[in-house]
Amino acid sequence: MENGIDITLEVVCGKWKGAILWQLLHKDRLRFNELRRSLDGSISSRILSRELRKLIEDGLVERVDFETMPPRVEYCITPYGKTTASFLESMNEWGMAHKRMSASKSEMAEMINTKHDEKENELG
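Residues numbered from 1 in each chain as written. Predicted model: local features only at pLDDT ≥ 70, side-chain atom pairs only at ≥ 80, totals over all residues. Heavy atoms only, no water.

Take the packing of helix H2 (residues 17-26) against helix H4 (residues 45-57) next. Relative orientation of the contacting elements H2 and H4 amounts to 75°, with a least axis distance of 10 Å. Accordingly, the angle class assigned to the pair H2 and H4 is roughly perpendicular. Of the residues in H4, those in contact with Lys17, Ile20 and Leu21 of H2 are Leu48, Glu51, Leu52, Lys54 and Leu55. Its residues placed into classes, the contact of H2 with H4 shows five nonpolar, no polar and three charged. (Axes fitted to C-alpha atoms, helices over the stretch in contact; angles between N-to-C directions. Helix = DSSP H or I, 4+ residues; strand = E, 2+ residues; numbered from the N terminus. Parallel < 35°, antiparallel > 145°, perpendicular 65-115°, else oblique. Contact = heavy atoms within 4.5 Å. Nonpolar A, V, L, I, M, F, W, Y, C, P; charged D, E, K, R; others polar.)

This is the structure in structure tokens:
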């Protein structure tokens with residue numbers, strides 16, 4: 001049985017869609033290479049094109065062609081795409097909190113291991 005979470009995950013999640021939407025929510029318009037660079041350049045052009053196409057088909061992103069020579073195309077988030085802002089913001093906050101928690105867990109584990117090693121050395 002399909003539910004809203006399954007549909008949402010299909011439309012906006014995956015490795016890149018959420019990140020693309022996040023960038024477009026915070027910038028007015030981005031050209032293809034600007035968008036690619038804003039994603040740390042770690043996405044291939046082919047994958048970015050594919051993900052943008054899907055987001056355009058779903059009505060979340062708009063492709064604006066200025067019909068000039070040389071060609072100039074920009075991408076922007078649609079009003080419908082802006083409806084993703086609240087849950088993407090929540091996802092961002094949760095992710096950052098998780099990262100802090102994971103970092104503090106590893107720091108704590110490292111500290112415990114260091115103290116354990118020091119005690120073993122003392123006992124000798």
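Picking up after the structure, the text goes on.
Running from amino to carboxyl end, helix H1 (residues 4-12) crosses H2 at an angle of 70°, the nearest separation of the two axes being 7 Å. Here H1 lies roughly perpendicular to H2, going by the angle between them. Facing Glu10, Val11 and Val12 of H1, the residues of H2 in contact are Lys17, Gly18 and Leu21. Among the residues making up the contact of H1 with H2, the classes are represented as three nonpolar, one polar and two charged.

In this description, an aromatic ring pair is defined by two values, namely the gap between the centres and the angle between the planes. All chains considered together, the criterion is met by zero aromatic pairs. Lying over the aromatic face of Phe66, Arg72 brings its terminal NZ or CZ to 4.0 Å of the ring centre. (Phe/Tyr/Trp six-rings, centres within 6.5 Å; stacked < 30°, edge-to-face > 60°. Lys NZ or Arg CZ within 6 Å of the ring centre and 35° of its normal.)

It is worth spelling out unusual backbone geometry at this point. In this model, Met69 is joined to Pro70 through a cis peptide bond whose omega is -5°. Phi angles above zero are rare outside glycine, and Glu67 is one such case at about 50°. With respect to the helices, strands and loops of the structure, Glu67 is situated in the loop between strand S2 (61-65) and strand S3 (73-77). A relative accessible area of 73% means that Glu67 is categorised as exposed. (Buried < 20%, exposed > 50% of the residue type's maximum accessible area, 1.4 Å probe, protein only.)

Taken in spatial order, the three strands line up as S1-S3-S2 in an open sheet, and their pairing is antiparallel. Only two strands of the sheet have a single partner each, and these edge strands are strand S1 (30-31) and S2. Bridge analysis of S1 against S3 gives two bridges, and the strand direction is antiparallel. Within the sheet, the bridge partner assigned to Leu30 lies in S3 and is Tyr75. Along the sheet, H2 makes contact with S1, S2 and S3, crossing S3 at roughly 90°. In the packing of H4 onto the sheet, contacts are made with S2 and S3, and the angle to S2 comes to roughly 105°. (Pairing = 2+ DSSP bridges.)

Attention now moves to the pattern of salt bridges. Working definition: two side chains of opposite charge can pair if their charged atoms are close together. Tallying each qualifying case throughout the model produces five salt bridges. Arg50 is the partner of Glu51 in a salt bridge, and the nearest nitrogen-oxygen pair spans 3.3 Å. Note on Arg50: relative accessible area 33%, which makes it partly exposed. In this structure Glu51 comes out as buried when scored by relative accessible area, which is 6%. Overlapping salt bridges bring together Arg29, Arg72 and Glu74 as one network. (Salt bridge = Lys/Arg side-chain N within 4 Å of Asp/Glu carboxyl O.)

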